[in-house]
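Summary of the model geometry
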Amino acid sequence: AGLALLLMAVAAWAGERPRPVAPGGQPRPSVVLVACDSLDGRLTFYPGNQTVDLPFINFMKRYGTVFLNAYTNSPICCPSRAAMWSGLFTHLTESWNNFKGLDPGYVTWMDLMEKHGYHTQKFGKLDYTSGHHSVSNRVEAWTRDVDFLLRQEGRPMVKLTGDKTHVRVMEADWRNTDKAVDWIKEEAINLTQPFVLYLGLNLPHPYPSPYAGENFGSSTFLTSPYWLEKVTYEAIKIPKWSSFSEMHPVDYYSSYTKNCTGEFTKQEVRNIRAFYYAMCAETDAMLGEVISALRDTGLLKKTIVIFTADHGELAMEHRQFYKMSMYEGSSHVPLLVMGPGIKEQQQVPNVVSLVDIYPTMLDIARIPVTQNLSGHSLMPLLGGKAENEVSPRGPRPSWVLSEFHGCNVNSSTYMLRTGKWKYIAYSDGRSVLPQLFDLSDDPDELTNVAIKFPVIVHSLDKILRSVVNYPKVSSSVQEYNKRQFVIWKQSLGQNYSSVIANLRWHQDWLKEPKKYENAIDKWL
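As recorded by an unreviewed UniProt entry, the protein chain carries the name Arylsulfatase K and is attributed to Stercorarius parasiticus. The UniProt entry for the protein chain carries this comment under Cofactor (unreviewed entry): "Ca(2+)".

Given below as structure tokens:
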């Protein structure tokens, strides 16, 4: 059915090719942004796209533009979304963990578009304001500097549900997709003003694992045979792992807290990756429902469609699942755009990131960008303009920044991506060794060449420090973590010992509760 809809849409689009918007008099286009959770951006182009059938992502590539180097500004849900909705880097939003995002009253690009005459509508997962996620999530982030090592997640596993006719596995996402489709067909079609529609999906984020304790760590990759058939098992790459002694110390902490340091057979790893890809196929089908609804209502030719994700998913690369890492699987996001004025069949190699969404939305709506945003509009690149055709804000930088300050990583982390290089600095820049990867020679990021290229490291570190005073930010985060933990501890009173013992790390904590409480006391 999905393929039939796609072929129908292709045939229809061929007869209704959108023309570029002329400056001035043309009506402003509507915008649809579909943002999913945890989709590895490398699956949207070769060779990653050989592993799973994603027809609607391919449709967007055929009739629009795909970015080959798009990155999250923080590889975890809330901080990443805070960057996307504010247009500001994480050290400016101070979204240090999954609990701390934007203030509820923050003026987003959608608020500005509404103020300037757009009809706005949101469905599904937003997750850019403070106050969400489990207690475990924030306590694990606050205590990352404590001298202990505890498993904070369930062991990654797969689960098959239903049969070959079971299509709607992630029911909550499908309900929100249905709401978006109904809104397009019943409301958007009758609007006289342009609209901006946002649909937030939870897929392909792994599902909760009830045995993992408080609020269930999400370590279960769940799908049905229907979606698993979309995966090409032979094309699944089994990632190489470094030995424990060769791992970067921060990577070892992440692997251990994510419960990935045990034994995994090749078949287990292949299945985790296959089930994850199947979950991506289900996500693609939801995108397809939205595109088909726009096509059926005649709105597709005057609507810019954007598809992206908050971050990726490691799916057992570097002996980890989940995100929270600067490795490509975690930090590289999909970014595809199609619609009026967007160049077709274009692959953009420039590095871009989610903070670019804010100025792009304002550019589409012809709203002047007055704020000092971290991002730059993508519209010149989307129109196929030469790199030297710059916006009034000056040239787009040749680098992107991503940073992480939350759980499962025992150091503030800063990633600068420019040209063929990925530079990762930690903490104060001295106490933890940096990493440098040459992505042209080493796309799997298995060889840290920081010691081999000290001049490159020095040059990239200088650029990084010109963007963010990262030793100072790291120190601020450490102070924030300790302060927040003390407030939380005092709020619990006599219940403190019981509550902290039964968070997601309960399986390890309960073996030696006094030892771990003493470690926290020493840290405080």
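Further notes follow.
**As for the overall build of the protein chain**
A tally of regular secondary structure across the protein chain gives 18 helices and 13 strands. In terms of overall dimensions, the protein chain is globule-like: its C-alpha atoms have a radius of gyration of 23 Å, near the 24 Å expected for 524 residues. Taken along the three principal axes of its C-alpha coordinates, the protein chain extends 70 × 55 × 50 Å. Counting over 524 residues, the protein chain shows a buried share of 59%. By sequence separation, contacts in the protein chain at least 24 residues apart represent 77% of the contacts at least 6 residues apart. By element, 52% of the accessible surface of the protein chain is carried by carbon and sulfur atoms, the whole surface being about 20900 Å².

**Describing the packing of aromatic side chains**
Evaluation of the coordinates by the stated rule reveals 26 aromatic pairs. Taken together, a centroid distance of 5.8 Å and an interplanar angle of 50° make the contact between tyrosine 276 and tyrosine 277 tilted. Its relative accessible area of 1% is what places tyrosine 276 among the buried residues. Arranged with centres 5.4 Å apart and planes meeting at 40°, the rings of tryptophan 509 and tyrosine 516 form a pair that is tilted. One aromatic cluster is present, formed by Trp142, Phe485, Trp488, Tyr496 and Trp523 through successive ring pairs. The ring of tyrosine 496 carries lysine 489 above its face, with NZ or CZ at 4.8 Å from the centroid.

**What about the nonpolar core?**
Leu294 and Phe307 are the most contacted members of the largest nonpolar core, which has 85 residues in total. With 17 residues, the top contributor of residues to this core is helix α10 (residues 266-296). When residues no more than four places from it in sequence are discounted, the contact partners of leucine 294 are Val32, Ile184, Phe195, Leu299, Leu300, Thr303 and Val305. Counting 40 residues, the second-largest nonpolar core is a separate cluster that includes Val139, Tyr480, Trp505 and Ala519.

**Notes on the packing of helix α15 (residues 470-492) against helix α18 (residues 513-523)**
Two numbers describe how α15 lies on α18: the axes approach to 11 Å, and their chain directions differ by 125°. The angle between α15 and α18 falls in the class oblique. The chirality of how α15 crosses α18 is left-handed. Here Asn481, Lys482, Phe485 and Lys489 of α15 come into contact with α18, specifically with Ile520, Asp521 and Trp523. Residues belonging to the contact of α15 with α18 are distributed by class as follows: three nonpolar, one polar and three charged.

**Here's the deal with the sheet that holds strand β1 (residues 30-36)**
Taken in spatial order, the seven strands make up an open sheet running β3-β5-β1-β7-β8-β2-β9, and their pairing is mixed. Looking at strand neighbours, the two that pair on one side only are β3 (119-124) and β9 (346-353), the edges of this open sheet. Across the sheet, the axes of successive neighbouring strands diverge by a mean angle of 15°, strand direction being ignored. For strand β2 (residues 64-71) and β9, the ladder comprises six bridges, and the chain directions are parallel. Looking across to β9, one finds that threonine 65 is bridged to glutamine 346. Its contacts with the sheet put helix α2 (residues 55-62) on β2, β7 (303-309) and β8 (335-338), and the angle it makes with β8 is roughly 55°. This element, helix α7 (residues 171-186), spans β3 and β5 (195-200) of the sheet and lies at about 165° to β5.

**Concerning the side chain of serine 330**
When you line up the elements, serine 330 lands in helix α11 (residues 328-331). Filtering out sequence-adjacent residues up to four positions away, serine 330 remains in contact with Thr72, Pro75, His311, Gly312, Glu313, Leu314, Lys323, Met324 and Ser325.

**Considerations on helix α9 (residues 249-257)**
Taken as a whole, α9 has its buried residues at Val250, Asp251, Tyr253, Ser254, Ser255 and Thr257. With its phi angle positive at about 60°, asparagine 259 sits one or two positions after the end of α9.

**What to know about the state of the cysteines**
On inspection of all chains with the given rule, the structure shows zero disulfides. Free cysteine: cysteine 77, not disulfide-bonded; nearest cysteine sulfur from cysteine 78 at 8.3 Å. The class of cysteine 77 is buried, set by a relative accessible area of 1%.

Rules and cut-offs
Residues numbered from 1 in each chain as written. Predicted model: local features only at pLDDT ≥ 70, side-chain atom pairs only at ≥ 80, totals over all residues. Heavy atoms only, no water. UniProt positions renumbered as here; feature names shortened; annotations may be inferred. Helix = DSSP H or I, 4+ residues; strand = E, 2+ residues; numbered from the N terminus. Rg over C-alpha atoms; globule rule 2.2 N^0.38 Å. Buried < 20%, exposed > 50% of the residue type's maximum accessible area, 1.4 Å probe, protein only. Contact = heavy atoms within 4.5 Å. Areas by Shrake-Rupley, 256 points an atom, 1.4 Å probe, with all protein chains shown as cover. Phe/Tyr/Trp six-rings, centres within 6.5 Å; stacked < 30°, edge-to-face > 60°. Lys NZ or Arg CZ within 6 Å of the ring centre and 35° of its normal. Core = buried A, V, L, I, M, F, W, Y, C linked by side-chain atoms within 4.5 Å. Axes fitted to C-alpha atoms, helices over the stretch in contact; angles between N-to-C directions. Parallel < 35°, antiparallel > 145°, perpendicular 65-115°, else oblique. Left-handed = near helix turned anticlockwise from the far one by under 90°. Nonpolar A, V, L, I, M, F, W, Y, C, P; charged D, E, K, R; others polar. Pairing = 2+ DSSP bridges. Disulfide = S-S within 2.5 Å.

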